[in-house]
Amino acid sequence: MHTGTDLPETLALTHPSAYQDTVREPAQGAALVRARIKLARPKQWAKSGFALVGPFYAYPELVGGEVTPADIIVPALLTAAAFSFASSCCYTVNDLIDREADRLHPRKRRRPIASGAVTPGVAKLYAVALFVLSAICVQLLPAEARGITRLCVGLYIANVFAYGFYFKRKVIGDVMSLSLGFVLRVLGGCAAVAVAPTTWLLNVTLFLSMFLAFGKRLGERRTLANTNPEGGSDAQAHRAVQRRYTDTLLQMMVVVTAVGTLMTYAGYLQSVGEQYTWGFNLMWLSIIPATYGMLRCIVLLETGKHDDPTELAFKDRGFMVAALAFTAVIVGLVLFKERLGIGIS
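Residues numbered from 1 in each chain as written. Predicted model: local features only at pLDDT ≥ 70, side-chain atom pairs only at ≥ 80, totals over all residues. Heavy atoms only, no water.

Visitor: Could you give an account of the overall build of the chain, with specific residues and numbers?
Guide: When its secondary structure is counted, the chain shows 14 helices and zero strands. Helices (α) and strands (β) of the chain occur, in sequence order from the N terminus, as α-α-α-α-α-α-α-α-α-α-α-α-α-α. By the burial criterion, 48% of the 345 residues in the chain qualify as buried. Long-range pairs, those at least 24 residues apart, make up 76% of the contacts in the chain between residues at least 6 apart in sequence. In the form shown here, the chain has an accessible surface area of approximately 16600 Å², with 66% of it arising from carbon and sulfur atoms. (Helix = DSSP H or I, 4+ residues; strand = E, 2+ residues; numbered from the N terminus. Buried < 20%, exposed > 50% of the residue type's maximum accessible area, 1.4 Å probe, protein only. Contact = heavy atoms within 4.5 Å. Areas by Shrake-Rupley, 256 points an atom, 1.4 Å probe, with all protein chains shown as cover.)

This is the structure:
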């Protein structure tokens, strides 16, 4: 979002070629449906998976007696859906405001609103519909969980707009604001099933989300550098806060947050060692794909192949293999440790 600035107009004068062949006629019929789906950014819904983390780790302890699996799974999924629809609503509003600046970006110029496939009027109605869907998901939660979960979703939306109107132009503050969105997802998911999030979970979420945000800024600079010899200046033109960042600073912050994430996760693994010991702490196996995945992410961001770390979950085979291996270890141990006779407690 760009407010209080003539940045898009300035960019149009300094980069007139960026607007050529960008805007087209509004889509109709099936093409409009596809454009709306693209506008919602369903691939970004993977981020709402953070709302499932708390319920997943607490699942073995919560289920039993009068509490059925559905009592945990359904509220967790509804909360994830609420955050997904809320994020799509915010993406739509953001794209509405940023449509002129997005036309200067080699990839973002193809977004539905920037390209003209979805008109601003249709996009506004679409944003309202997405907000209503998010509210319905929260309303379907158990009565005792609605209040705090609704607060978390509301704070998430407020934080997104605070980021768009203020924090996105503040160095470090922009990343902290984005990271708060992930923390709120975790808190909302825990609230939906009435479980308290551990400090380990909150710290890993914070550091990991900061890694993703700093990585996106670094990847953006690398991507634009690959398409333009003066890519650094283009990155500054597209995202004002890039004027305050440098390649070296972003490289350092990506490494620092990656180390923070892995060290915090390692501390968690040590804290739960007794629960997963069978000769040795089997949960430790999960840090192998986690470490490989983060390091591979850094390598790919440096090469400029991707400007968003979350894209790797769908586009890079090595990263996908690491993610699947990590998931297999965690799911297997958390859900089946009692059947396998693992742990001493």
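There is more to say after this.
Visitor: Now, about the confidence of the model for the chain: what can you tell me, with residues and values included?
Guide: Averaged over every residue, the pLDDT of the chain is 85; the share at 70 or more is 87%. Taken element by element, the predicted model of the chain shows its lowest mean pLDDT in helix α1 (residues 7-14) (44) and its highest in helix α8 (residues 173-192) (97). Counting interchain partners and residues more than four positions distant, the pLDDT-below-50 stretch residues 2-14 has 16 contacts. (pLDDT = per-residue confidence, 0-100.)

Visitor: Go over the state of the cysteines, please, and point to the residues and values.
Guide: The full count for this structure, using the stated rule, is zero disulfides. C190 supplies the cysteine sulfur nearest to C152, a cysteine that is in no disulfide, at a spacing of 9.1 Å. By relative accessible area, which is 7% here, C152 ends up buried. (Disulfide = S-S within 2.5 Å.)

Visitor: How would you sum up the pattern of salt bridges? Please name residues and give values.
Guide: The final tally for this structure, using the stated rule, is eight salt bridges. A salt bridge links R217 to D174, with the shortest nitrogen-to-oxygen separation between them at 2.6 Å. Here R217, found in helix α9 (residues 199-227), pairs with D174, found in helix α8; they are 43 residues apart in sequence, far enough to count as distant. Given the relative accessible area of 0%, D174 is considered buried. The salt bridge partner of D247 is R221, with a shortest N-O separation of 2.5 Å. Of this pair, D247 sits in helix α11 (residues 247-271) while R221 sits in helix α9, and the two are 26 residues apart along the sequence. R221 sits in the buried class, given a relative accessible area of 8%. (Salt bridge = Lys/Arg side-chain N within 4 Å of Asp/Glu carboxyl O.)

Visitor: How would you summarise the layout of surface pockets if you had to cite specific residues and measurements?
Guide: Computed from the structure, the second largest pocket encloses a volume of approximately 1100 Å³. Taken together, 45 residues line the second largest pocket, and the ones lying closest to its centre are R41, Q44, Y91, R111 and K216. (1 Å grid on protein atoms, 1.4 Å probe; cavity = no way out; pocket = protein on both sides within 12 Å on 5 of 7 lines; lining within 4 Å. Points joined across faces, edges and corners; volume = space filled by probe spheres on them.)

Visitor: Kindly report on the side chain of K168, identifying the contributing residues and their values.
Guide: Checked against the element boundaries, K168 lands in the loop between α7 (143-165) and α8. The buried category is assigned to K168, whose relative accessible area is 9%. A distance of 3.3 Å separates the side chain of K168 from the side chain of D98, its partner in a polar contact. (Polar contact = N/O pair within 3.5 Å; in protein donor to acceptor, adjacent residues only side chain to side chain.)

Visitor: So what's going on with a nonpolar patch on the surface? Which residues, and what values?
Guide: A contiguous nonpolar surface patch, about 540 Å² in accessible area, is contributed by V128, F131, V132, L133, I136 and L140. Assignment of secondary structure puts V128 in helix α6 (residues 120-139). (Patch = residues over 30% accessible without salt bridge, like charges linked within 9 Å, V, L, I, M, F, W, Y side chains within 5 Å.)

Visitor: Which residues make up the nonpolar core, and what are the values?
Guide: One broad rule of soluble globular proteins: the nonpolar side chains tend to lie buried together. Counting 32 residues, the largest nonpolar core has V118, V153 and Y156 as the members making the most contacts within it. Membership of the second largest hydrophobic core comes to 31 residues, among which are V193, A213, A258 and M294. (Core = buried A, V, L, I, M, F, W, Y, C linked by side-chain atoms within 4.5 Å.)

Visitor: Describe unusual backbone geometry, and please don't skip the residues or the numbers.
Guide: Here R41, not a glycine, exhibits a phi torsion of approximately 55 degrees, which is positive. Checked against the element boundaries, R41 lands in the loop between α2 (29-39) and α3 (50-62). Judged by relative accessible area, R41 falls into the buried class, the value being 14%.

Visitor: Tell me about α6, and please be specific about residues and values.
Guide: Over its 20 residues, α6 runs 29 Å from end to end, which matches the ideal 28 Å to within 8%, given 1.5 Å per residue. Every buried residue belonging to α6 is among A123, Y126, A127, L130, S134, C137 and V138, and all of these are buried. What you see down the axis of α6 is that its buried residues fit within an arc of 120 degrees, all on one side. The exposed residues of α6 that point more than 90 degrees off its buried face are K124 and L125. (Expected span 1.5 Å × (residues − 1). Arc of directions from axis to C-beta.)

Visitor: Which residues make up the packing of aromatic side chains, and what values do they have?
Guide: Taken as a whole and assessed by the stated rule, the structure comprises nine aromatic pairs. When the centroid spacing of 5.6 Å and the interplanar angle of 85 degrees are considered together, the rings of F83 and Y156 count as edge-to-face. Pair noted here: F83 is in helix α4 (residues 69-102) and Y156 is in helix α7, with a separation of 73 residues, a long-range link. Across the pair, Y156 and F83 agree in class, each one buried. Taken together, F56, Y57, Y265, Y268 and F326 form an aromatic cluster joined through their ring pairs. Seen from the ring of F182, R185 lies directly overhead, with NZ or CZ sitting 4.9 Å from the centre. (Phe/Tyr/Trp six-rings, centres within 6.5 Å; stacked < 30°, edge-to-face > 60°. Lys NZ or Arg CZ within 6 Å of the ring centre and 35° of its normal.)

Visitor: An account of the environment of L312 is requested, with residue identities and associated values reported.
Guide: Position of L312 relative to the elements: it lies in helix α13 (residues 312-315). When the C-alpha positions of L312 and R296 are compared, they lie 9.6 Å apart, and in sequence the two are 16 residues distant. Ignoring anything within four residues of it in the chain, the contact list for L312 reads C297, L300, H306, F319 and M320.

Visitor: Tell me what's going on with the packing of α4 against α6, and back it up with residues and numbers.
Guide: Between α4 and α6, whose axes approach to 8 Å, the crossing angle comes to 160 degrees. With respect to α6, the axis of α4 lies roughly antiparallel. Remark: the crossing between α4 and α6 carries left-handed chirality. Only P120, A123, K124, Y126, A127, L130, F131, L133, S134, C137 and V138 of α6 make contact with α4, whose side of the interface consists of L78, A81, A82, F85, A86, S88, C89, T92, V93, L96 and R99. Of the residues assigned to the contact of α4 with α6, the class counts are 17 nonpolar, three polar and two charged. (Axes fitted to C-alpha atoms, helices over the stretch in contact; angles between N-to-C directions. Parallel < 35°, antiparallel > 145°, perpendicular 65-115°, else oblique. Left-handed = near helix turned anticlockwise from the far one by under 90°. Nonpolar A, V, L, I, M, F, W, Y, C, P; charged D, E, K, R; others polar.)

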